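Commentary on secondary and tertiary structure
Residue strings, one per chain:
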Amino acid sequence: MKGKNYEITKQNLKNHELIGLKVLVCESSDPGRKNLKGKVMNETKNTIVILVGDEEKILPKKECVFEFDICEKVKLDGKEIIRRPEDRIKEWLLWLKKKKKRQ
């Protein structure tokens, strides 16, 4: 997924906003969650809310492996993104700023 000032790639997906992305639950400790497919509607520190049909499902990040569709399929273990979304994004922006200063 590309934009004027950013590009979501498999290397930086875990540092981006996830709301609006298409997602598939590849693995889960709860077999009832496996293969759920939908669109990310919301996110908290510990959960991702996806819209499956017309029903919202709340999924614990620590119990799932997700596959996001960002023009390519990218798997991401939910344990890697157990942080408040705004903190995750701030960390990435600070990293970019430091990288830019070094150049």
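Keep in mind it's a predicted model, so treat the numbers as computed, not measured.

Further remarks concern the overall build of the chain. Counting secondary structure elements, the chain contains 1 helix and 6 strands. Along the chain, helices (α) and strands (β) appear in the sequence β-β-β-β-β-β-α when read from the amino end. Principal axes of the C-alpha set define a box for the chain whose edges measure 50 × 25 × 20 Å. Across the 103 residues that make up the chain, the buried fraction comes to 36%. Sequence separation of 24 or more characterises 43% of the internal contacts of the chain that already satisfy a separation of 6 or more. For the chain, the computed accessible surface area is about 7000 Å², with 50% contributed by carbon and sulfur atoms. Taking the average location of the 26 positive side-chain charges in the chain and that of its 17 negative ones, the two points are 8 Å from each other.

So, about unusual backbone geometry. Phi is positive for Asn35, which is not a glycine, with a value near 70°. Residue placement: Asn35 occurs in the loop between strand 1 (22-28) and strand 2 (37-43). Looking at Asn35, the relative accessible area reads 52%, which means it is exposed. Unlike most non-glycine residues, Cys71 shows phi in positive territory, near 75°. Secondary-structure assignment places Cys71 in the loop between strand 5 (64-69) and strand 6 (73-77). For Cys71, a relative accessible area of 76% puts it in the exposed group.

What follows deals with the packing of aromatic side chains. For the structure on display, the rule yields 1 aromatic pair. Between the aromatic rings of Phe66 and Phe68, the centroid separation amounts to 6.0 Å while the plane-to-plane angle is 45°, which identifies the pairing as tilted. Residue Phe66 shares its accessibility class with Phe68, and that shared class is buried.

Time to look at the sheet that holds strand 2. Spatially, 6 strands are ordered 4-3-2-1-5-6 in an open sheet, and the strand pairing comes out antiparallel. Since the sheet does not close on itself, it has two edges, and those belong to strand 4 (55-60) and strand 6, each with one partner. This sheet shows a mean twist of 40° between the axes of neighbouring strands, independent of strand direction. Across 3 bridges, the pairing between strand 1 and strand 2 is antiparallel. Within strand 2, the residue paired with Lys22 across the bridge is Lys39.

Okay, the nonpolar core next. The nonpolar side chains of soluble globular proteins are, as a tendency, buried together. Residues Leu13, Leu18, Ile48, Phe66 and Phe68 are the most contacted members of the largest nonpolar core, which totals 18 residues. Counting residues per element, the ones that place at least two in this core are strand 1, strand 3 (47-52), strand 5 and strand 6. The leading source of residues in this core is strand 5, at 3 residues. Those residues in contact with Ile48 that lie beyond four places of it in its chain are Leu18, Val40, Asn42, Glu43, Lys57, Ile58, Leu59, Lys61, Phe66, Phe68 and Ile81.

Our focus in this paragraph is the confidence of the model for the chain. Residues of the chain with pLDDT of at least 70 account for 94%, and the chain-wide mean is 89. Between the elements of the chain, mean pLDDT differs from a low of 79, seen in helix 1 (residues 85-102), to a high of 98, seen in strand 3.

Rules behind the numbers
- Residues numbered from 1 in each chain as written.
- Predicted model: local features only at pLDDT ≥ 70, side-chain atom pairs only at ≥ 80, totals over all residues.
- Heavy atoms only, no water.
- Helix = DSSP H or I, 4+ residues; strand = E, 2+ residues; numbered from the N terminus.
- Buried < 20%, exposed > 50% of the residue type's maximum accessible area, 1.4 Å probe, protein only.
- Contact = heavy atoms within 4.5 Å.
- Areas by Shrake-Rupley, 256 points an atom, 1.4 Å probe, with all protein chains shown as cover.
- Lys, Arg positive; Asp, Glu negative; His and termini not counted.
- Charge placed at Lys NZ, Arg CZ, Asp CG, Glu CD.
- Phe/Tyr/Trp six-rings, centres within 6.5 Å; stacked < 30°, edge-to-face > 60°.
- Pairing = 2+ DSSP bridges.
- Axes fitted to C-alpha atoms, helices over the stretch in contact; angles between N-to-C directions.
- Core = buried A, V, L, I, M, F, W, Y, C linked by side-chain atoms within 4.5 Å.
- pLDDT = per-residue confidence, 0-100.

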